[in-house]
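# Chain and residue survey
Below are the chains, spelled out letter by letter.
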Amino acid sequence: MASDSFSSVALSKAQIANLESLGYKKMTPIQAQSLPLLLKGKDVIAKAKTGSGKTAAFGLALLNSINPRFFGVQALVLCPTRELADQVAKEIRRLARATANIKLVTLCGGKPFGPQVGSLEHGAHIVVGTPGRVQDHLRKSTLNLSGLKVLVLDEADRMLDMGFIEVMNDIINQTPKDRQTLLFSATYPDGIEKMSRSIQRKPVMVTVESEHKPAIIEQLFYEAKKHQRNNTLLALFEHYQPATTVVFCHTKKQCDEVADFLRDNRIDALAIHGDLDQRERDQVLVRFANNSCSVLVATDVAARGLDIKSLHAVINYELPRDPEIYVHRIGRTGRAGEKGIALSIFTPSEQVRVNAIADYQKKPSICDVPESLDRDSGFSLQANMVTIQLDAGRKSKIRPGDILGALTGDAGLAGSQIGKIDIFELSSYVAIERTALREAMNYLSQGKVKGRSIRVRKIR
Ligand code: AMP
């Protein structure tokens, strides 16, 4: 069974204790996939970016191959830039704490040559460097790679982009053929494949499907008197103009009132709460997902089942008493590595809630004042799509292609004017660009879809 515990791979007890002391509790996906192969001495080509934990993956592998009693260069890591080489060296040094007497030297351009020669003369097990400077040392015979066991090309795609191909080949030609070669690259252009074929032996490819970058959520708190809540909300929309937002309220009544208020102020908002029947709920969600509405006003309960990919903003119309609910709410923005914003309105008497949230997250809250928000009197957040409902669905064997075909064929709309199409049991929904709405309605109410006349209406 695949495990993401470091103790499931062939590492020494001392190394596992060291990893624990570094706070590495479990393997990252790239480590879990590549380490078993790397520790067996296989050549690996891995698609991994900075932040994935790739350095520890190859760092642990090369440390495992080194014989500390042999004072010759046994591992070489080539990096495109000095900054990356320094980062890699730092990480490997931390991992090397578990093994006594390992010496690492960095060889980068822009640094004096002499001290590098001195370090090499004292005997180095690992060299981390940039191609140009490593080649210089080879030319001057101050570096000898005849005892190399592991070669790592880190950010190989960038090294190719920077025109290092010939220098790299020159360096690689001076290493033993039976070395282990690891190629790490964020992308796989043709050049990388070609390079892999010429320098690796039976490489195993490792790709991590989804790299979970931590969400970046900017959290801002706006103080407002109770009667200013609505105007502050409007000011937040005008200032940030988020493309998709969920506004959280406590009660169903409040959801309806806030959604009405926003619509009265030219912001396309819909309320979603437990009083809606299934059909109404479906319609709200269809419209939010197909861009006919950019704001949902929801209770916590109603928002629970929402399958929304990533919101640009979450707004707390009122702050919850429980900080955990707050954290859960704001987690809906900034997903998949995108930046999100969480905006919260609080009254002076709710300052305790802000404090509780700051304590819970162990970071100070930033409070801003509504006066600093830009206001634009002509502002509107009208969605550019509108949803049409057709009274035929799966039961009538309607498929998206039938609706698309009718609108682009006989009705003469461009494909780009038609958005998402959702088919339910008894009805279907199609998003149409607002400017093409009349044409689409005219056609659909008079023409035919799949050979039959269908009743249509615009959903409001
Ligand atoms: P990298 O992708 O190699 O630049 O690593 C990104 C960061 O993740 C570095 O700061 C590492 O110290 C850290 N890191 C690497 N592996 C782990 C792990 N298994 N658990 C926690 N942090 C890690």
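Described in the following lines is the structure provided in the data block. (Residues numbered from 1 in each chain as written. Predicted model: local features only at pLDDT ≥ 70, side-chain atom pairs only at ≥ 80, totals over all residues. Heavy atoms only, no water.)

## Observations concerning the packing of helix H6 (residues 131–139) against helix H8 (residues 165–172)
Counted only if it meets this: Each axis is a line fitted through C-alpha atoms, and for a helix only the stretch in contact is used; angles between axes span 0 to 180 degrees, taken between their N-to-C directions. The helix and strand labels rest on DSSP assignments: H or I over at least four residues marks a helix, E over at least two residues marks a strand, and numbering proceeds from the N terminus. Each angle receives one of four descriptions, namely roughly parallel if under 35 degrees, roughly antiparallel if over 145, roughly perpendicular if within 65 to 115, and oblique otherwise. Here is the rule for handedness: rotate from the far helix to the near one, and if that takes an anticlockwise turn smaller than a right angle the crossing is left-handed, while a clockwise turn gives right-handed. We call two residues in contact when some of their heavy atoms are within 4.5 Å. Residues were grouped as follows: Ala, Val, Leu, Ile, Met, Phe, Trp, Tyr, Cys and Pro as nonpolar; Asp, Glu, Lys and Arg as charged; and all remaining residues, including Gly, as polar.
At a closest axis distance of 9 Å, the pairing of H6 and H8 adopts a crossing angle of 40°. With respect to H8, the axis of H6 lies oblique. The way H6 lies across H8 gives a crossing that is left-handed. Only Val167, Met168, Asp170 and Ile171 of H8 make contact with H6, whose side of the interface consists of Pro131, Gly132, Val134, Gln135 and Leu138. In terms of residue class, the contact of H6 with H8 is built from six nonpolar, two polar and one charged.

## Digging into the sheet that holds strand S18 (residues 456–458)
Defined as follows: One requirement defines pairing of two strands: DSSP has to find at least two bridges between them.
Strand order in this open sheet of four strands is S16-S17-S15-S18, and the pairing throughout is antiparallel. Here the strands that pair on one side only, and so sit at the sheet edges, are strand S16 (418–423) and S18. Across the sheet, the axes of successive neighbouring strands diverge by a mean angle of 20°, strand direction being ignored. Relative to strand S17 (residues 428–433), strand S15 (residues 385–390) runs antiparallel, the two being bridged by six bridges. Following the sheet pairing, Met385 is matched in S17 by Glu433. Relative to S16, helix H16 (residues 400–408) is tilted by about 145°, and along the sheet it contacts S15, S16 and S17.

## Looking at the packing of aromatic side chains
Worth spelling out the cut-off: For this analysis, a ring pair means two rings from Phe, Tyr or Trp (six-membered ring only for Trp) whose centres lie within 6.5 Å, classed as stacked if their planes differ by under 30 degrees, edge-to-face if by over 60, and tilted for the remaining angles. Whether a charge sits over a ring depends on NZ of Lys or CZ of Arg being within 6 Å of the ring centre and within 35 degrees of the ring normal.
For the coordinates displayed, the defined rule picks out three aromatic pairs. Sitting over the ring of Phe113, Lys140 keeps its end group 4.4 Å from the ring centre. One Lys or Arg, Arg229, reaches over the ring of Tyr317 and ends 5.8 Å from the middle of that ring.

## A closer look at the site of the ligand
What counts here: The cutoff for a nearby residue is simple: one of its non-hydrogen atoms must lie within 4 Å of the molecule or strand. Counting of polar contacts relies on pairs of N or O atoms within 3.5 Å, with two restrictions inside protein: one atom must be capable of donating a hydrogen and the other of accepting it, and residues adjacent in sequence are counted only when both atoms are side-chain atoms. Methods summary: accessible areas were calculated by the Shrake-Rupley approach with a probe of 1.4 Å, and residue burial reflects only the protein chains presented.
Looking at the ligand, there are 14 residues lining it, with Tyr24, Gln31, Gly51, Gly53 and Thr55 nearest. Gly51 places a main-chain nitrogen or oxygen 2.7 Å from an oxygen atom of the ligand. Here an oxygen atom of the ligand and a backbone polar atom of Gly53 are 2.7 Å apart. Taking 490 Å² as the accessible area of the ligand by itself, protein coverage stands at 73%. Elements represented by at least two residues in the shell around the ligand include exactly helix H3 (54–65) and helix H4 (82–95).

## Points about the pattern of salt bridges
Put simply, the test is: By convention in these notes, a salt bridge is any Lys or Arg side-chain nitrogen within 4 Å of a carboxyl oxygen on Asp or Glu. Type-normalised accessible area, obtained with a 1.4 Å probe on protein chains alone, sets the label of each residue: buried when under 20%, exposed when over 50%, and partly exposed for intermediate values.
Counting across every chain of the model gives 15 salt bridges. Note that Arg434 is salt-bridged to Asp268, the shortest N-O span being 3.5 Å. Here Arg434, found in the loop between S17 and helix H17 (437–446), pairs with Asp268, found in the loop between helix H11 (252–264) and strand S10 (269–272); they are 166 residues apart in sequence, far enough to count as distant. By relative accessible area, Arg434 is classed as partly exposed at 33%.

## Topic: the nonpolar core
We count it as follows: Nonpolar cores were defined as sets of buried Ala, Val, Leu, Ile, Met, Phe, Trp, Tyr and Cys residues, with membership established by side-chain atoms within 4.5 Å.
Among the nonpolar cores identified, the biggest contains 43 residues, and Phe58, Leu62, Val77, Ile92, Ile126 and Val128 are the most heavily contacted of them. Those elements giving two or more residues to this core turn out to be helix H2 (29–39), strand S1 (44–47), H3, strand S2 (75–78), H4, strand S4 (126–129), strand S5 (150–153) and strand S6 (180–185). Broken down by element, the residue count for this core peaks at seven residues, all from H3. What Ile92 contacts, discounting residues up to four positions off in sequence, is Phe58, Gly59, Leu62, Leu63, Val77, Leu104, Ile126 and Val128. Leu76, Val134, Leu151 and Ile199 belong to the second largest nonpolar core, which has 28 residues in total.

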